[in-house]
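An overview of the molecular structure
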Amino acid sequence: MSDWVKLGQVADFEEGQTVVHDFEYETAVIWRVGEKFYAIEDRCSHDDGPLAEGELEGCQIICPRHGARFDIRTGEALTMPAIEDVNAYALKVEEGIVWIQAPEEEAW
Ligand code: FES
């Protein structure tokens, strides 16, 4: 079972703001959309573009390198040139604190 990592208070996250969190082997990018939080891997599956630097449209992030779109709720690749999904991370909010679940390989 993976560990949960504290990201911060709900109030620290502004709508549409991009927040990056480094795990040991991966980097996650987190967005707040309304009252929900979503996180995917900060690495485009096409050619490693930095998704944290992309433009967010609703629940889609647009890769800044070649324009592939991903669903930030699931990590699903939606448009070419990306054909592989990226990792999506579980998030939870408890007592006003946002937590992210570390990837399996991070757990000891
Ligand atoms: S690196 Fe993201 S679309 Fe090419």
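Only a predicted model underlies this, so the values are computations on that prediction, with no experimental measurement involved.

Among the structural elements, Asp12 can be located in the loop between β1 (4-9) and β2 (18-22). Residues Asp12 and Thr27, spaced 15 residues apart in sequence, show a C-alpha to C-alpha distance of 19 Å.

Another point: the pairing of strand β4 (residues 36-41). Regular strands show a simple pattern: their side chains alternate between the two faces of the sheet. Of all six residues in β4, five are buried, a share of seventy percent or more. Alignment of strand β3 (residues 27-33) against β4, held across six bridges, turns out to be antiparallel. Bridge assignment links Ile30 to a residue of β4, and that residue is Ala39. The antiparallel hairpin formed by β3 and β4 contains two residues in its connecting segment, where Gly34 sits at a positive phi of about 65°. In this sheet, strand β8 (residues 88-89) lies alongside β4 in antiparallel orientation, the contact comprising two bridges. Bridge pairing in β8 links Ala39 to Tyr89.

Cut-off values and rules
- Residues numbered from 1 in each chain as written.
- Predicted model: local features only at pLDDT ≥ 70, side-chain atom pairs only at ≥ 80, totals over all residues.
- Helix = DSSP H or I, 4+ residues; strand = E, 2+ residues; numbered from the N terminus.
- Buried ≥ 20, exposed ≤ 12 C-beta atoms within 10 Å, placed from the backbone.
- Pairing = 2+ DSSP bridges.

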